[in-house]
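Descriptive analysis of the structure
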Amino acid sequence: MFSHIMIGTNDLPRAKSFYDALLGTLGVPAGFVDRHRIFYRTPTGTFSVSLPINGEPATAPNGGTIGFACASSEQADAWHAAGLGAGGTTCEDPPGVREGAAGKLYLAYLRDPDGNKLCGLHRMAS
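Summary of the structure given here. Only a predicted model underlies this, so the values are computations on that prediction, with no experimental measurement involved.

Let us now look at the overall build of the chain. In terms of regular secondary structure, the chain is built from two helices and nine strands. Listing every helix and strand of the chain by position from the N terminus yields β-α-β-β-β-β-α-β-β-β-β. Computed over the C-alpha atoms, the radius of gyration of the chain is 14 Å, within 12% of the 14 Å expected from 2.2 N^0.38 for a compact globule of 126 residues. Going through the 126 residues of the chain one by one, you find that 37% of them count as buried. In the chain, 55% of the contacts between residues at least 6 apart in sequence involve partners at least 24 apart.

A few words on the packing of aromatic side chains. Enumeration according to the criterion identifies seven aromatic pairs in this entry. Relative to phenylalanine 47, the ring of tyrosine 40 lies with its centre 6.4 Å away and its plane at 45°, an arrangement referred to as tilted. The residues tyrosine 40 and phenylalanine 47 share a single accessibility class, namely buried. Ring centres of phenylalanine 47 and phenylalanine 68 lie 5.3 Å apart, and the angle between their planes is 75°; this geometry places the pair in the edge-to-face category. Taken together, the residues span a long stretch of sequence, with phenylalanine 47 in strand β4 (residues 45-50) and phenylalanine 68 in strand β5 (residues 66-69) at a distance of 21 residues. Phenylalanine 47 gets classed as buried once you look at its relative accessible area, which sits at 7%. Arginine 41 extends its terminal NZ or CZ atom over the ring of phenylalanine 39, reaching a point 4.9 Å from the ring centre. One Lys or Arg, lysine 117, reaches over the ring of tyrosine 109 and ends 5.1 Å from the middle of that ring.

Relative to the assigned elements, threonine 46 resides in strand β4. Ignoring any residue separated from it by four or fewer positions in sequence, one finds threonine 46 in contact with Ser3, His4, Ile5, Phe39, Tyr40 and Arg41.

Criteria and thresholds
Residues numbered from 1 in each chain as written. Predicted model: local features only at pLDDT ≥ 70, side-chain atom pairs only at ≥ 80, totals over all residues. Heavy atoms only, no water. Helix = DSSP H or I, 4+ residues; strand = E, 2+ residues; numbered from the N terminus. Rg over C-alpha atoms; globule rule 2.2 N^0.38 Å. Buried < 20%, exposed > 50% of the residue type's maximum accessible area, 1.4 Å probe, protein only. Contact = heavy atoms within 4.5 Å. Phe/Tyr/Trp six-rings, centres within 6.5 Å; stacked < 30°, edge-to-face > 60°. Lys NZ or Arg CZ within 6 Å of the ring centre and 35° of its normal.

Next comes the structure, spelled out in structure tokens:
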């Protein structure tokens, strides 16, 4: 459905350090910097972090969450731990199983250093 997702940052080197560590747990190669942006490319799409081109400060969306697919609950835990170790902060409930209309999900939430809300998600067998 998506070709790419781009979010803003106010500190490109800090964002690169954070996302290299976080996405590395999912097997995503380190990002490459192109002037004011960082790109993380996979066969299924691109995730980008950018200094705002209008020169205004980057702000996190209120009510927005970006979800990253995890192959297992262990990978989601490693993703969460890497994010915390790289300067992220935990949010929501601790990582764990949630059940709802979408079935059983293992979810791990955190915020990046710029305040963007992220989720590591593993869809569990029913």
